[in-house]
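Descriptive structure summary
As a plain string of letters, each chain reads:
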Amino acid sequence: MKITEFSVNRPVTTSMLFLGLVIFGLLAYKRLSVNLMPALDLPAMAITTDHFGATPEEIETGITEEIENELSTLSGLKLLQSYSMANTSLVFVQFNQGTDPNEALNEVKAKLDQVVPYLPKESERPLVQTFDFKDSPVIDLVVLGDGNSSELFDLTDKTIKNRLSRIEGVSKVNLNGGEMREIKILANKKTMYDVQMNLIDLSEYLKRINTKLSAGDFVNQHRQFSLETSNKFTSVQGIREAHIPTPIGVQRLADITKILDTVREVKSKAMFYDVANDRKYSNIISIGVMKNTNANAVQVANEVKELIPELQKELPENVKIIVPFDSSLYVESAVEDALMNVALGILFTGLILFFFLHDIRTTLIVSISVPVSLIGTFIAIRYFNGSLNMMTLMSFSVAIGALISNSIVVIENIVRLRKDGLEIREASIQGTREVMMAVIASTGTNLVVFLPIASMTSITGAFFREYALTISAATVFSLIISFMLTPMLASVLLRKERKISKLSRWMEQFFIWLENKYESSLASLIAAKRNPIILFCVMFVFFLLSTGLLPRIGFEFEPQEDNGDVFLELEMPPGTAITKSAALMKLVEEKVNAHEEVKVMVSDLGSKNSFTVGTNFANAAIKLFPKETRDVSNVEFAEMLTGELMEIPEIIPIVSTSSSEDGAPIQFTLQSTEQEKLLEANELVLQKMNEIEGLLNFESNAREGNPVIQLKPDQRLLAELELSPFEIAATVRAAISGVKATVLKEKGIGYDVRISYQEDQVNTVDKIEELPIFTSSGVFTIGQLVDVSYRTSQAQILHLDKVKTIEFSATPAPGVITGDARDRIETAINQLNLPTGVSFKWAGNIKELDETIDDMTITFAIALLLMYMLLASLLENYWHPVIIFTTVPMAMIGVFVFMFLGGQTMNIMSLMAIVTLLGLVVNDDILIHDYTEQLMHNKKMRLREATLLAGKRKMKTVIMTTVAIIVGMLPNALGFGDAGAEYRTPMAVVTIGGMITSTILTLYLIPSLFYIIREKRMKLE
């Protein structure tokens, strides 16, 4: 090869080329962001529309369906999901992978502009925010204060939040808890009756007088003046002194209403428990800092922590900022552990190579190929906007053996030729040329496996994209190094014959003995034609038997990791007030405080998650001490706490190691266009699911909301009075919920001014019926114009792709595999006689797992096809690749056995390792086959002698590469490092198990099958 000749003849130039590669690789490494997992390039947006006072049913028909109908025509739309709740419509849209996020955002905004005119006038304008379905705060802060709660909120919202938002890489800052200042104008029914005014008219007048308008410009004596009319409220006293025209004369606002400088009605509240120090803080605001998709999680969190001391200097002494949750610490630990395992893999591989090569010079030549390849790969990661994360670093661990195998093949051949008497330069060039085809073929087989992975279309495919591209880049660099750097170093470092020590002589004699034993055993195997066929049949029987382990291995979407996080969601009876929820939360707090494993807990009253809000809901995030300091895992702790909280009769607890926004491990849906049939099916499923063992936290999102008092207008009477149902609804809504009249601005901060009746005048149905409404025919009460009835509303209405949906979720009990729980649920659903028109579908992680299996099956088939095409081209034979492929199913014997013995499940990590294994197990087959062909064609050897000699000479190389791959993965298989070990271990176990069985087949089955097929073909010829 010209490239090898150039490298050997120009060693200084070659050295400088690779030194440059290392330098630029290290520079790229310094600029890489650090994240736990790869960023998913799946543009998603949330559209929030508020309509205060509206029921979920009103939100559904008046807002959600209007928005859905418009957004459903978006191009590239993957998911359209909506939640209609009291006061709020929440619509999620997700686009296909590869869709330009900016273009998608502009298209969504354009669609919303078209739908705004059709929304209720009282509703707020839809707010669009981009987000990541799998996103979570990189760091959580808590602001503590002893003073005024509304002042604390203003300080947090206007000062702390703004400073945090300016940090590079921060996408948004979420605030929970706190009380917002509000100016309340409380009217009296009798007074308003006396002055003949309704709240809406009063609101409109206040809005008109609280204004500042330009009145134009004029020129006088060569100077230009600007005119403005200004009557803006600058204080609460200014509002009190406002004069209001009424039918009975001008009145001062303070004379006809009560004006309070207070806070907005409390419907949510945050609390922080420092369990370790036994301290509770109720006047707090929790802050969640989110990062951009491609931002560095560790860097963003570090900059937030660096900013805290600066902020603390600017804040009052009674205000403190603390950090209860910092996910960047886990991210940093996981990445450091992965890097440590890569370094240990390289070290262990070097020691193994020294054992096989028993020469420090050849060991150094081969070992140097791994760090150079990996450092060069940093350039590629930087080029495709990747990051240092669990997947890219896992690809490094997988790649170590594959990277080193190319250099092993080359150096082994060079050393053999050197022993045969060739001069070292000639041996380096000739030795590389002889194995060129085998190295290219093995590298090509890796690439045709990994590149299809990068093109997978599922969410999991996007998740593994960086993994595939990283290992592909490393493989290409290893090919270049094996053809340039390895022969160049051999020509320089192996010029002198080394002195053979006693240990080296003993090791050489051992391998000679092993080679002879292998040669004689292979000769016995091919002595009779039936022997290879018998071996094949035996291995195939073992393969079939090993597949019987699959049900015992079990299926789940992803491994369960113990990062010390536990999430708590509580549901109280519908209509429970926030004060009652706080009292029940105190009971929960006592249960949690009793556990010494708990470090801190942050709770939020008024919501279960982003999709389920109400005063009868609460949630909490619990942080446990590091797992090495406790005796129970976070899964076991969640199970214990669930049992304890079930003892509190008024709450329904859900305790899990993942938040519901991330998706429960088990999710499925029922869909129908008819709400009645859907609710009927919901009851059937709930009853049936309670009979299934092994499920925790089972729930349905179909639940009753607050009781609804329905006012049905007398349409004939309204027509006679020239009124509309809208005016009735507006009057009642203004009286109870209030109407925002205007805004008071103080020190640059705007505070809502809201008008309503005094609470004690609208807290019963009878009092609501007494509300006055003014008409041209006189004053009437609401009770004279409507009929009153009662009903219950739904807490939440879910649509999936515009179809009414009920979503069910559950968590497998400890020791129960998700796949087993899925089978039990599927069996139970099939036994039900669901109403006509109701369909059952899996959702969440199970749906993603199904899509992943389908996607990986297609990827596996494409990789096999591409590998066949590549091998057929390189070997110039249609049937030889088929024989080599027999290694693939046989390798599964070791995979299934080792997964079963290691207690691993079939999940996305183990599935990806199986696909990756496809490219590794055939490499040694190619090496022996290629050398056999060379001996027969170049050396004119007979078939039997060529088969035996090729196996004998390449046995050491095959064993060496296999052991190198196994040892490189060993730190991950043994679970070295606490953070992220649950994700690394399955891939390592699968790789090790597959390589062990495939190596046995490579040394015996494949050569013997080739022998009998070639012999038969030669006889026919």
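Analysis parameters
Residues numbered from 1 in each chain as written. Predicted model: local features only at pLDDT ≥ 70, side-chain atom pairs only at ≥ 80, totals over all residues. Heavy atoms only, no water. Helix = DSSP H or I, 4+ residues; strand = E, 2+ residues; numbered from the N terminus. Buried < 20%, exposed > 50% of the residue type's maximum accessible area, 1.4 Å probe, protein only. Contact = heavy atoms within 4.5 Å. Areas by Shrake-Rupley, 256 points an atom, 1.4 Å probe, with all protein chains shown as cover. Lys, Arg positive; Asp, Glu negative; His and termini not counted. Charge placed at Lys NZ, Arg CZ, Asp CG, Glu CD. Phe/Tyr/Trp six-rings, centres within 6.5 Å; stacked < 30°, edge-to-face > 60°. Lys NZ or Arg CZ within 6 Å of the ring centre and 35° of its normal. Expected span 1.5 Å × (residues − 1). Bend = angle between axes of the 7 residues up to and from the residue. Pairing = 2+ DSSP bridges. Axes fitted to C-alpha atoms, helices over the stretch in contact; angles between N-to-C directions. Salt bridge = Lys/Arg side-chain N within 4 Å of Asp/Glu carboxyl O. Patch = residues over 30% accessible without salt bridge, like charges linked within 9 Å, V, L, I, M, F, W, Y side chains within 5 Å. Parallel < 35°, antiparallel > 145°, perpendicular 65-115°, else oblique. Left-handed = near helix turned anticlockwise from the far one by under 90°. 1 Å grid on protein atoms, 1.4 Å probe; cavity = no way out; pocket = protein on both sides within 12 Å on 5 of 7 lines; lining within 4 Å. Points joined across faces, edges and corners; volume = space filled by probe spheres on them. Nonpolar A, V, L, I, M, F, W, Y, C, P; charged D, E, K, R; others polar. Polar contact = N/O pair within 3.5 Å; in protein donor to acceptor, adjacent residues only side chain to side chain.

A word on the overall build of the chain. Secondary structure assignment for the chain yields 36 helices and 31 strands. Counting only C-alpha atoms, the chain reaches 120 × 80 × 55 Å along its principal axes. Counting every position in the chain, which comprises 1021 residues, the buried fraction comes to 54%. Expressed as a percentage of contacts within the chain between residues at least 6 apart in sequence, the contacts between residues at least 24 apart total 79%. Carbon together with sulfur atoms contributes 55% to the accessible area of the chain, which is approximately 45100 Å² in total. Of the charged side chains in the chain, 93 are positive and 118 negative; the average position of the first set lies 10 Å away from that of the second.

The final tally for this structure, using the stated rule, is 15 aromatic pairs. Judged by centre distance (5.9 Å) and plane angle (20°), the rings of F272 and Y281 are stacked. Judged by relative accessible area, F272 falls into the buried class, the value being 3%. Ring pairs connect the aromatic residues F668, F698, F808, F840 and W842, which therefore count as one cluster. In this structure, R181 is placed above the aromatic ring of Y751, and the distance from its NZ or CZ to the ring centre is 4.4 Å.

Okay, helix α5 (residues 149–165) next. The first and last C-alpha atoms of α5 sit 22 Å apart over 17 residues, in line with the 24 Å expected at 1.5 Å per residue. The sharpest bend along α5 reaches about 35° and sits at T156. Among all positions of α5, only S149, S150, L152, F153, D154, T156, D157, I160, R163 and L164 are buried.

Before going further, it helps to spend a moment on the sheet that holds strand β12 (residues 257–263). Read across the sheet, four strands follow the order β12-β7-β25-β24 without closing on themselves; strand pairing throughout is mixed. Each having just a single partner strand, β12 and β24 (739–746) make up the two edges of the open sheet. Taking each pair of neighbouring strands and ignoring which way they run, the sheet shows an average axis angle of 25°. Bridge analysis of strand β7 (residues 181–187) against strand β25 (residues 749–757) gives five bridges, and the strand direction is parallel. The residue bridging I183 from the neighbouring strand is V753, located in β25. Contacting β24 and β25, helix α26 (residues 725–736) crosses the sheet at an angle of about 115° to β25.

What follows is about the pattern of salt bridges. Summed over the entire model, instances satisfying the criterion amount to 23 salt bridges. Between K677 and E674 there is a salt bridge, with its nearest N and O atoms 3.6 Å apart. Accessibility expressed as a relative area gives 25% for K677, which makes it partly exposed. Ionic contacts of the salt-bridge type, sharing partners, join the residues R163, E310 and E314 into one network.

This part is about a nonpolar patch on the surface. Where nonpolar side chains cluster on the molecular surface, the patch consists of V12, M16, L19, I23, F24 and L27 and spans about 600 Å² of accessible area. Within the secondary structure, F24 is located in helix α2 (residues 11–31). Owing to a relative accessible area of 57%, F24 belongs among the exposed residues under this scheme.

Looking now at the sheet that holds strand β16 (residues 319–326). Across a sheet, strands are paired by hydrogen bonds formed along the backbone, either parallel or antiparallel in direction. Judged by pairing direction, the sheet is antiparallel, and its four strands sit side by side in the order β6-β15-β5-β16 without closing on themselves. The sheet terminates laterally at β6 (170–177) and β16, the two strands that pair on one side only. Adjacent strand axes in the sheet meet at a mean angle of 25°, parallel and antiparallel pairs treated alike. Two strands pair when backbone bridges link them, and strand β5 (residues 139–145) and strand β15 (residues 284–291) are joined in this way by six bridges, in the antiparallel orientation.

Glancing now at the packing of helix α24 (residues 675–689) against helix α29 (residues 818–831). As a packed pair, α24 and α29 sit with axes 10 Å apart at the nearest point and diverge in direction by 130°. Accordingly, the angle class assigned to the pair α24 and α29 is oblique. For the pair α24 and α29, the crossing hand works out as right-handed. Here V685, K688 and M689 of α24 come into contact with α29, specifically with I825, A828, I829 and Q831.

Here the focus is unusual backbone geometry. In the Ramachandran plot, E722 falls in the positive-phi region, its phi being about 60° despite a non-glycine side chain. By secondary structure assignment, the location of E722 is in the loop between α25 (715–720) and α26. Judged by its relative accessible area of 66%, E722 falls in the exposed class. The backbone of D801 sits at a positive phi, close to 55°, despite the residue not being glycine. Structurally, D801 can be placed in the loop between β29 (796–800) and β30 (803–812).

Following the criterion strictly, the structure yields seven cavities of 30 Å³ or more and no others. When its volume is computed, the largest cavity comes out at roughly 130 Å³. In this structure, the largest cavity is lined by 15 residues; those nearest its centre are S405, V409, S442, N923 and D924. Where the lining of the largest cavity is concerned, the elements lending two or more residues are α14 (390–419), α16 (436–454), α34 (923–937) and α35 (943–973). The element contributing the most residues to the lining of the largest cavity is α14, with five residues. For the lining of the largest cavity, the class distribution of residues is eight nonpolar, six polar and one charged. Taken as a whole, the second largest cavity spans an internal volume of roughly 80 Å³. Residue lining of the second largest cavity: D925, I928, H929, T932, T947, T1002, I1006, P1007, F1010 and R1014, and that is the complete set. Breaking the lining of the second largest cavity down by element, the ones donating at least two residues are α34 and α36 (981–1020).

We now examine the side chain of N616. Residue position: N616 is located in strand β19 (residues 613–624). When near neighbours in sequence (up to four residues on either side) are disregarded, N616 contacts L570, E571, M572, P573, P574, G575, T576 and S581.

Structurally, the position occupied by K269 is in strand β13 (residues 269–274). Note: C-alpha distance between K269 and G606 (337 residues apart in sequence) is 6.7 Å. In contact with K269, not counting residues within four places along its chain, are G177, S282, S603, D604 and L605.

Once that is clear, we can look at the side chain of E68. Mapping E68 onto the fold places it in helix α3 (residues 56–71). Among buried Asp, Glu, Lys and Arg side chains, E68 stands out as unpaired, with K802 the closest opposite charge at 6.7 Å. Side chain to side chain, E68 and S82 meet in a polar contact 2.6 Å long. When near neighbours in sequence (up to four residues on either side) are disregarded, E68 contacts L80, S82, H799 and K802.

With that out of the way, let us pick up the environment of I825. Within the element layout of this structure, I825 appears in helix α29. Separated by 157 residues in the primary sequence, I825 and F668 place their C-alpha atoms 9.6 Å from one another. With residues near it in sequence (within four places) discarded, I825 still touches I666, F668, M689, I692, L695 and W842.

Burial along strand β10 (residues 243–246) is one-sided: I244 and T246 are buried, while H243 and P245, pointing the other way, are not. Bridge count for β10 against strand β11 (residues 249–252) is four bridges, and the pairing is antiparallel. The residue of β11 that forms the bridge with I244 is Q251. The turn linking β10 back onto β11 is made up of two residues.

Moving on, we get to the packing of α16 against α34. Two elements in contact, α16 and α34, have axes separated by 9 Å at closest approach and are oriented at 155°. By the criterion of interaxial angle, the relationship of α16 to α34 is roughly antiparallel. In this structure, the crossing between α16 and α34 has a hand that is right-handed. Contacts from M437, A438, A441, S442, T445 and N446 of α16 reach α34 at N923, I926, L927 and D930. By residue class, the composition of the contact of α16 with α34 is five nonpolar, four polar and one charged.

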